[in-house]
Amino acid sequence: MPNYTFEDYKKAIKAKYEEEKNGEYSNNLNSPTSANLRNLCMKRFETNNSKDDLITFKSFFDFPFDRDNRNLYGEIELNKLTAVRRFLLNVTESPAEDTVQLAAILVDLQPRPFKEFQKQLDPEEVKLIDELRDTEHHKSDFFSDALIDEAVNENFPDLKNEESEKDKNEEVDQDEAEEIEQDENQSWETIPTGIVDVSPPAKGGGNNVVKSGFKRYLVIAAFLAALSFIIYSNISKKDCMQWTNDHYEKINKSDEGYCDTYYDARYFNLKKITVCDTTKFFDDKGAAKVFYIKIGDSIQCYNQFAPYPENTQRFLKPITKYMIDTYLSDLPKCK
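Remember, it's a predicted structure, so these values are computed and weren't measured experimentally.

The rules behind each value
- Residues numbered from 1 in each chain as written.
- Predicted model: local features only at pLDDT ≥ 70, side-chain atom pairs only at ≥ 80, totals over all residues.
- Heavy atoms only, no water.
- Pairing = 2+ DSSP bridges.
- Helix = DSSP H or I, 4+ residues; strand = E, 2+ residues; numbered from the N terminus.
- pLDDT = per-residue confidence, 0-100.
- Contact = heavy atoms within 4.5 Å.
- Phe/Tyr/Trp six-rings, centres within 6.5 Å; stacked < 30°, edge-to-face > 60°.
- Buried < 20%, exposed > 50% of the residue type's maximum accessible area, 1.4 Å probe, protein only.
- Lys NZ or Arg CZ within 6 Å of the ring centre and 35° of its normal.
- Disulfide = S-S within 2.5 Å.
- Core = buried A, V, L, I, M, F, W, Y, C linked by side-chain atoms within 4.5 Å.
- Salt bridge = Lys/Arg side-chain N within 4 Å of Asp/Glu carboxyl O.
- Arc of directions from axis to C-beta.

Undergrad: Describe the sheet that holds strand β3 (residues 272–273), listing the residues and the values that go with them.
TA: With antiparallel pairing, the four strands of this open sheet are ordered in space as β3-β5-β4-β6. Bordering the open sheet on either side are β3 and β6 (317–318), each of which pairs with just one other strand.

Written out as structure tokens, the structure is:
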């Protein structure tokens, strides 16, 4: 597990704030006045049953949230929300912990609070899990029953026959086990001669049951070995991708079998773009169509949300009117 710090938590909240400014509650977050944050707080808590979030609310405002009375926010409470506003707008660098925790709720950062944020997987672990999981953007069928059966039959030709024989013998083995147990518990002196054979069972009479159980374990072990082989083969064949000039290109793994950046269909079509005077920065609903990252005193623009390709620990942000006016006010003519 990575050692995420509270600073990482604050950075994640601010990055989520940049996303949420163009989301459902943009009217509250684009201009995060104390009054707008108060209104958003009421919306967030209206259907919020999270114990941690309710504790945060009480710790921040010094009274519990009450759905029936819709807590009255006076001047003191509005002044407290000013601290949240200053944190979101980077006005203060050392906000109180309660301020940060409430900000996480207002921008709906997941996971939260900080104790849950610390439990996140390392980005490399997430990449590995994504490769082993069907996702909305990158479907994979190497876990399908058909493919598993094919690999099992190819690598373990006797396995299928073992499985079918196991099913056939299962009922017989169960009856045999019950019969042996009954025989061992009986008193041989009290069984009338002529009704049953009173000679005790031969030594090792339960060996068939033991052998049958051992056989089942062998079948399971072989199946798991086949599945592991399939997973390993697919992982080892996964493509890598490399950022070249203004786009990603597929490349093979290194000789040691590693990638600097594993292939991810969600981000493979990322392009660095040059904006001009006719660039459409927002769609008809006001959502950003251009994403940026600030480098020094300028910004770079891209066509979609993704990790910044030259430092994947940072993420691109949706463009805002403020960033356009500040850094893109003098755009060149489009060719």
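Undergrad: Kindly report on the pairing of strand β4 (residues 291–295), identifying the contributing residues and their values.
TA: In summary, the side chains of a regular strand alternate between the two faces of the sheet. Strand direction decides the pairing type here: β4 and strand β5 (residues 298–302), joined by five bridges, are antiparallel. Residue Tyr 292 lies in a different strand from β5, and its bridge partner there is Cys 301. With antiparallel pairing between neighbouring strands as the criterion, β4 and β5 make up a hairpin whose turn holds two residues, including Gly 296 at a positive phi of roughly 65°. The pairing of β4 with β6 spans two bridges and is classified as antiparallel. If you follow Phe 291 over to β6, its bridge partner there is Pro 318.

Undergrad: So, the confidence of the model for the protein chain: which residues are in play, and what are the values?
TA: Averaged over all residues, the pLDDT of the protein chain equals 76, while 66% of them reach at least 70. Here residues 134–144 scores under 50 on pLDDT; set against residues more than four positions off or in separate chains, the count is 22 contacts. Here residues 186–198 scores under 50 on pLDDT; set against residues more than four positions off or in separate chains, the count is nine contacts.

Undergrad: Explain the packing of aromatic side chains residue by residue, including any values.
TA: Scanning the entire structure with this criterion turns up 17 aromatic pairs. Summarising the aromatic geometry, the rings of Phe 6 and Tyr 9 are spaced 5.7 Å apart at their centres and angled 45° between planes, so their arrangement reads as tilted. Of this pair, Phe 6 and Tyr 9 both sit in helix α1 (residues 6–20), separated by three residues, roughly a single helical turn. Exposure remark for Phe 6: the relative accessible area of 25% places this residue in the partly exposed category. Where Trp 243 meets Tyr 248, the ring centres are 4.9 Å apart and the plane angle is 75°; that geometry is what we call edge-to-face. One exposure class covers both Trp 243 and Tyr 248, and it is buried. Every member of this aromatic cluster is reached through a ring pair, and the members are Phe 45, Phe 57, Phe 60, Phe 61, Phe 63 and Phe 65. Above the face of the Tyr 263 ring, Lys 250 is positioned so that its terminal group lies 4.5 Å from the ring centre.

Undergrad: Run through the state of the cysteines, naming residues and quoting values.
TA: Within the structure shown, the criterion is met by two disulfides. Each sulfur of the disulfide joining Cys 276 and Cys 334 lies 1.5 Å from the other. Residues Cys 276 and Cys 334 are joined through a disulfide that is right-handed, its torsion about the S-S bond being 80°. You can see Cys 276 sitting in the loop between β3 and β4 and its partner Cys 334 sitting in the segment after α12 (321–327), a full 58 residues away along the chain. The exposure class of Cys 276 is buried, given its relative accessible area of 14%. Since its relative accessible area comes to 28%, Cys 334 is described here as partly exposed.

Undergrad: Account for the nonpolar core, with residues named and values stated.
TA: Judged by nonpolar contacts, the single largest core of 30 residues is most densely connected at Tyr 9, Ile 13, Phe 61, Val 84, Leu 88, Leu 102 and Leu 109. Counting only elements with at least two residues in this core, the list comes to α1, α3 (34–46), α4 (51–61), α5 (75–88), α6 (97–106) and α7 (114–117). When residues in this core are grouped by element, the largest group, six residues, is from α6.

Undergrad: Mind laying out the pattern of salt bridges, listing which residues take part and the relevant values?
TA: Inspection of the entire model under this criterion finds 13 salt bridges. Measuring nitrogen to oxygen at the nearest pair gives 3.4 Å for the salt bridge that ties Lys 115 to Asp 52. With Lys 115 in helix α7 and Asp 52 in helix α4, this residue pair connects regions lying 63 residues apart in the sequence. Residue classification places Lys 115 among the partly exposed residues on the basis of a relative accessible area of 46%. For Asp 325, the salt bridge goes to Lys 321, with nearest N and O atoms at 2.9 Å. One end of the pair is Asp 325 and the other is Lys 321, both in helix α12 and four residues apart, which spans about a single turn. Accessibility expressed as a relative area gives 44% for Asp 325, which makes it partly exposed. With relative accessibility at 57%, the residue Lys 321 sits in the exposed group. Taken together, the salt bridges that share partners define one network made up of Lys 16, Glu 20 and Arg 44.

Undergrad: Describe α4, naming the residues involved and giving the relevant values.
TA: Those residues of α4 that fall on the buried side of the exposure criterion are Asp 53, Thr 56, Phe 57, Phe 60 and Phe 61. Buried positions in α4, seen along its axis, are confined to an arc of 105° and lie on one side of it. Elements in contact with the buried residues of α4: α3, α5 and α6. Among the residues trailing α4, Asp 62 stands out with phi positive, at a value near 70°.

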